[in-house]
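Structure assessment
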Amino acid sequence: MKYDELNQKCRHLHQDEQKLSYHVKLYKSGTFWIAAGMTTVVLGITALAKVPIANAATEETTAIVKSAENDVSASSYQLNSENTAQTTTATTSAVTEATTASDSTDDSASTAKTATGDAAETATKVTNLGDASNTQIDQAKAIASDVYAQTGQPQVVTAVEPQVAATGEITIKYVDEDDPTAVLSFDRDKAGFPATAPATITGSYKATTTVNPDLVTQMKVKNTYAQPVILGYTFDKLADGDTLNFAPVADGKTITAYYKNASVTATTSEPGTTETETTQEKTVTGQVTIKYVDEDDPTAVLSFDRDKAGFPATAPATITGSYEATTTVGTDLVTQMKVKDSYTRPAIDGYTFDKLADGDTLNFAPVADGKIITAYYKNNAATSTTTGPTTTETQTTPEQTVTGQVTISYIDKDTQQPLKFNSGYSSIPGDPTQINGTYLAETKVPTAKLDQISVSSKVAQAEIVGYKFVGNDTTDLTFVPVGQEKTIRAYYEKLAPVVINYVNEADPTDVMFQIKYDTQDPAGWISGSADYNFDYEPMFNGYTYDEQKTQAESALKGNGFKSIDETDGQPVVINVYYMKTTSDPNPGAMYIDQPITAANTPINVTDKITGMTTSGTEFSHEKLPEVSTAQPISGEVVKMNGHAVNQYPNYTLTGTIGINYQDGNLSQGLMPLADYMPNQPVEVIFLDDSTGQIIQQESYGDFDPENGILPSGEYDTGVVNQAIQPQLSEKGYELASVSGNPTGRYDAMHRIVYYVYTPKLDTNYIPVTRLINFTSSDGALNINPVAQTVWYKKVTNEVTNQSTYTPQSGFYQYEIPILSGYSATIDGQPATVVAQEGLPATTGMPTNQSVTVVYAKLPSVAVPPVTGEGTPPNDDTTVVTTDNQVPMLPAEKGDKPTGGTDTTNGDAEPKTSRDADQTDKTPATKAVQESQDTSNQTTQMSDTGSSSTTTGQLPQTSETNDGVFGLLGAVLMSMLGLLGIKNKRRDE
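Let me begin by describing the structure that accompanies this report. Residue indices begin from 1 for each chain and proceed along its sequence in written order. Only residues with pLDDT of at least 70 are given local features in this predicted model, and only at 80 or more are side-chain atom pairs given and counted; all residues enter the totals for whole chains, interfaces and linings. Think of the side-chain values as coming from all heavy atoms in the structure, minus any hydrogens and water.

1. Examining the pairing of strand β56 (residues 849-857)
Both strand β49 (residues 761-776) and β56 contribute to a ladder of seven bridges, which runs parallel. If you follow S776 over to β56, its bridge partner there is Y855. When strand β53 (residues 822-826) meets β56, the two strands line up antiparallel, connected through four bridges. Bridge pairing links S823 to A856 in β56. One requirement defines pairing of two strands: DSSP has to find at least two bridges between them. Secondary structure elements follow DSSP: runs of H or I no shorter than four residues count as helices, runs of E no shorter than two count as strands, and numbering proceeds from the N terminus.

2. Quick notes on the sheet that holds strand β33 (residues 531-533)
Pairing is antiparallel across the open sheet formed by four strands, whose spatial order is β35-β33-β41-β42. If you trace the sheet from one side to the other, it starts and ends with β35 (557-559) and β42 (673-678), each paired once. Mean inter-strand twist for the sheet, computed between neighbouring axes without regard to direction, equals 20 degrees. Two elements, β33 and strand β41 (residues 651-657), share two bridges in a ladder whose sense is antiparallel. The partner of Y532 across the bridge, within β41, is I657. A fitted line through C-alpha atoms represents every axis, and for helices the fit uses only the stretch in contact; the resulting angles, taken between N-to-C directions, go from 0 to 180 degrees.

3. Let's talk about the sheet that holds β56
Adjacent strands of a sheet form backbone hydrogen bonds with each other and so pair up, either parallel or antiparallel. Strand order in this open sheet of six strands is β51-β50-β49-β56-β53-β54, and the pairing throughout is mixed. At either margin of the open sheet sits one strand with a lone partner, and together these are β51 (803-807) and β54 (829-830).

4. Regarding helix α5 (residues 134-151)
Residue count minus one, scaled by 1.5 Å, sets the expected span of a helix. The end-to-end C-alpha separation of α5 is 26 Å, in line with the 26 Å expected for 18 residues at 1.5 Å each. Looking one or two places after α5, you find G152, whose phi comes out positive at around 80 degrees.

5. Some details on the side chain of N504
Along the chain, the position of N504 falls in strand β31 (residues 498-504). Think of it in three bands: residues with accessible area under 20% of the maximum for their type are buried, residues over 50% are exposed, and the middle band is partly exposed, with areas taken using a 1.4 Å probe on protein chains only. Judged by its relative accessible area of 6%, N504 falls in the buried class. Identification of polar contacts relies on pairs of N or O atoms within 3.5 Å, with a donor-acceptor requirement for protein atoms, meaning one able to donate a hydrogen and the other able to accept it, and with residues adjacent in sequence counted only if both atoms are side-chain atoms. Within polar-contact distance, the side chain of N504 engages the backbone nitrogen of A506 at 3.1 Å. Pairs of residues are marked as contacts when any of their non-hydrogen atoms sit within 4.5 Å. Contact partners of N504, with chain neighbours within four places excluded, come to D510, M512, Y543, Y578 and K580.

6. Quick word on the pattern of salt bridges
When a carboxyl oxygen of Asp or Glu lies within 4 Å of a side-chain nitrogen of Lys or Arg, that pair is called a salt bridge. Applying the stated criterion across every chain, the model contains 13 salt bridges. A salt bridge links R306 to D307; the shortest N-O distance between them is 3.0 Å. Each member of the pair, R306 as well as D307, is classed as buried. One salt bridge connects R489 with D473, and the closest N-O pair in it is separated by 3.5 Å. With R489 in strand β30 (residues 487-494) and D473 in the loop between β28 (467-472) and β29 (480-481), this residue pair connects regions lying 16 residues apart in the sequence. Overlapping salt bridges bring together R188, D189, E714 and R745 as one network.

7. Here we look at the side chain of D412
Residue placement: D412 occurs in strand β24 (residues 401-412). His is not counted here, nor are the chain ends, while Lys and Arg score as positive and Asp and Glu score as negative. Buried and unpaired, D412 has K494 as its nearest opposite-charge partner, separated by 5.0 Å. At 3.3 Å, the side chain of D412 and the backbone nitrogen of T415 are in polar contact. With residues up to four places along the chain from it excluded, the contact list for D412 reads Q417, L419, Y467, Y492 and K494.

8. What to know about the nonpolar core
The nonpolar core is taken to be a set of buried Ala, Val, Leu, Ile, Met, Phe, Trp, Tyr and Cys residues, with the residues joined through side-chain atoms within 4.5 Å. I500, Y502, F513, Y517, F534, F540 and F561 are the most contacted members of the largest nonpolar core, which has 29 residues in total. Among the secondary structure elements, those contributing two or more residues to this core are β31, β32 (507-517), β36 (572-580) and β42. Per-element accounting of this core gives the leading share, four residues, to β32. For F561, the residues in contact, after removing those within four places along its chain, are K468, L495, V498, T519, I526, S527, G528, A530, D531, Y532, F534 and E566.

9. Side note on the packing of aromatic side chains
Centre distance within 6.5 Å is the pairing criterion for rings of Phe, Tyr and Trp, where only the six-membered ring of Trp is used; planes under 30 degrees apart are then read as stacked, over 60 as edge-to-face, and the remainder as tilted. With the rule as written, the count across this model stands at 33 aromatic pairs. Both rings, one in F186 and one in F193, keep their centres 5.4 Å apart while their planes meet at 55 degrees; by these two values the pair is tilted. We classify F186 as buried; its relative accessible area is 5%. Pairing Y425 with W525 gives two aromatic rings, centres 5.1 Å apart and planes at 40 degrees, and the pair type is tilted. With Y425 in the loop between β25 (420-422) and β26 (434-436) and W525 in the loop between β32 and β33, this pair connects stretches of sequence that are 100 residues apart. Relative accessible area serves as the criterion here: at 15%, W525 is assigned to the buried category. Chaining the aromatic ring pairs together yields one cluster made of Y502, F513, Y536, F540, Y545 and Y578.

Structure (structure tokens):
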């Protein structure tokens, strides 16, 4: 039979290949039934066990922190997990990526752990290597990977990318443009070069700087290095295309500074030979002697009054016979300079100037030449001539002379009050005398010429220190004979003060330095028509002088001072502009103090620190000490219109008055003035950063001008800091920053350097607890207290030993549990919550707090019994309740009680906010259930200190897991699946 069936099947296969069928064993074959059964079990458990899906928490995840110092509830202090993330700008290793991937892979495992109550979190471990090499970073990565594999703790390795500084370099060659083979050299200190340079710089100088690589070509060499002062030479220009920017060392950048030879060139010729000799420029004294001679009687000795003739105060009061005039100028200028014309023809009583001797000139000559010129005068007295027998006698009567006079009244135009001054501070000739408003001018002249002679402008329009002449009341300035009264009024206005501000051009209120001229001070020798030159530009740290803007807006050189009427009572302000090149937020005035002129000058920089006051100085015109003036710097004379102004060691020329234009105001008899400032010491201020107070102050640089001792060369205030720092460290300070120029070169600026120290701070954390106690009026309740903990950050100043306590959070609001039959009160007032409390920072040690919640027993209330819905029972039984609520129907078998207190552990159950959405329960049941749920949570947190969820409840969602019925359903489904298993016999 089987054989026939086999043949039949073979025939079908060969006849119709298109009907060929492939039968595949599916799940009902062999071991696949076992897999199907297992799948059915799993699906049954999932479908019927009512396992809730854990939804994303709507509240911030919190991690419970337990204090090791105080055995309190772990729920007392919470940290937001969002704040535990640490951000770093440094290089992060690949371990971070591995950790992230692992965290993503294990999400389901983490959820499972949370569901079983394991809420502990593993914090990321951060390892900071600082400035580490690549090898060190690789080693740290390997170690971190091993630790992560063993412990599962995320690892982060950070390192700071080291900054590599680059050196910029530039070589400056100093070349004589007329003779490139000449070797130019100069003194390092006089030229302001650093102490590391050779004492004498010859031919060239190599300047370097160390900065970030991307800043090398942006940095520039100091302008003073490119054009130093070289004796006998004048800087002309840089070579075409040369710039002051540094370049990398490998570039070998060289620039060329061309100088002109300022020396005198003398050429001598010999047969077939021309020799050129160059000598350094020198100064020499020119001299000329003027003899005053009566041309009719050369033996007569002529004399006259020095002051009336307008001769300088250095001449004898009475000049007799001759006068020797001198001047000091460059050798090549001696014969070009001329003596004043008024010196060759002074007014001499009884005589009239006639002429100079034939061939005489007013040019000076070297002292060695002994040049003399003769000024001939005619005698105005009568002469008589007698002849022989045929003589005609002629007699000339003497010319009559007369004394003329006029009174000059000096008046303040604004007050109409007479001026009182000493004639020594004016252009009025003669010995100094006190003038109280008027001056009587007299002259003796021939009677016929009296009405032709006018009062000298030195008197009628006198220059008076501190005042500006504005006009006379008449143009008739002639004399009148004695006995007649004539008064000429001369009106004056007070001079306005002059203020020179050195300002930040971006913010003119940022005045770095200030020079004030009190123009009304007699010691200043300033009058209305005086000339001035205030062309002085000091160096300021972080600023560059803007010459173009200064010259466009300010007149540093000029003639004449303004009166207060012209300025409406305001000072004349001259701004010298500087461009700020630093990011220092402090004003420039913070680093410059008032110049000192004597060793005992008091110094006070407190105002600068507290009030940021403007820096400045009232200029005091004091004579330089003789020890300094006796030794001017050779070859550094400044020539100003024929006037030689010397330079002195360690002094800086800051301004001149009365010597800039021609003879300045010397024709009016006022004294020319040159202002100098001595090199200043450097003030080193040690500052407390926390209080702004000065801890200590030191002056760096010897300063005693009277004995010729002044700071010079380079300074380094780091030496002072090294000496002071150990003392400050013992007091509890540590260095925070340095402001100003800690190193540099001494000059006329009284510079300030700030070493800012800050107190060392010791930081600790201290817990403070608020304990919430529970009690009842009947003593029947036994509720565990609730502890809330707040951490204070304690910071102790090691200098003052004072501490500040700053709370890191406040006490959160606590909802008082609702107990059936009781009402809660705090301090006698009804209460449903213990209020949250914000805590202030304090300087005193914070203390623990306590709050007592008192439960008062409510009186019983009789309520008619209920047997059914809306129907009272047939009997007369009365149900008594103590919660002031209508009692619920008796619980069915198997249901939970509807009222009362859970006496499992005798604790009341506090209500939590996340049970508020359970509205499907009756009021009494809801209150009791909420109390029970919250109590379970609180109790478990107190006991374990590591979990905030209850058994059978998913974390953060409060959904319960009723697994008994789910498990029963899964078993039933599995049995049905297994009963359906049977062997299938294949017929085809």
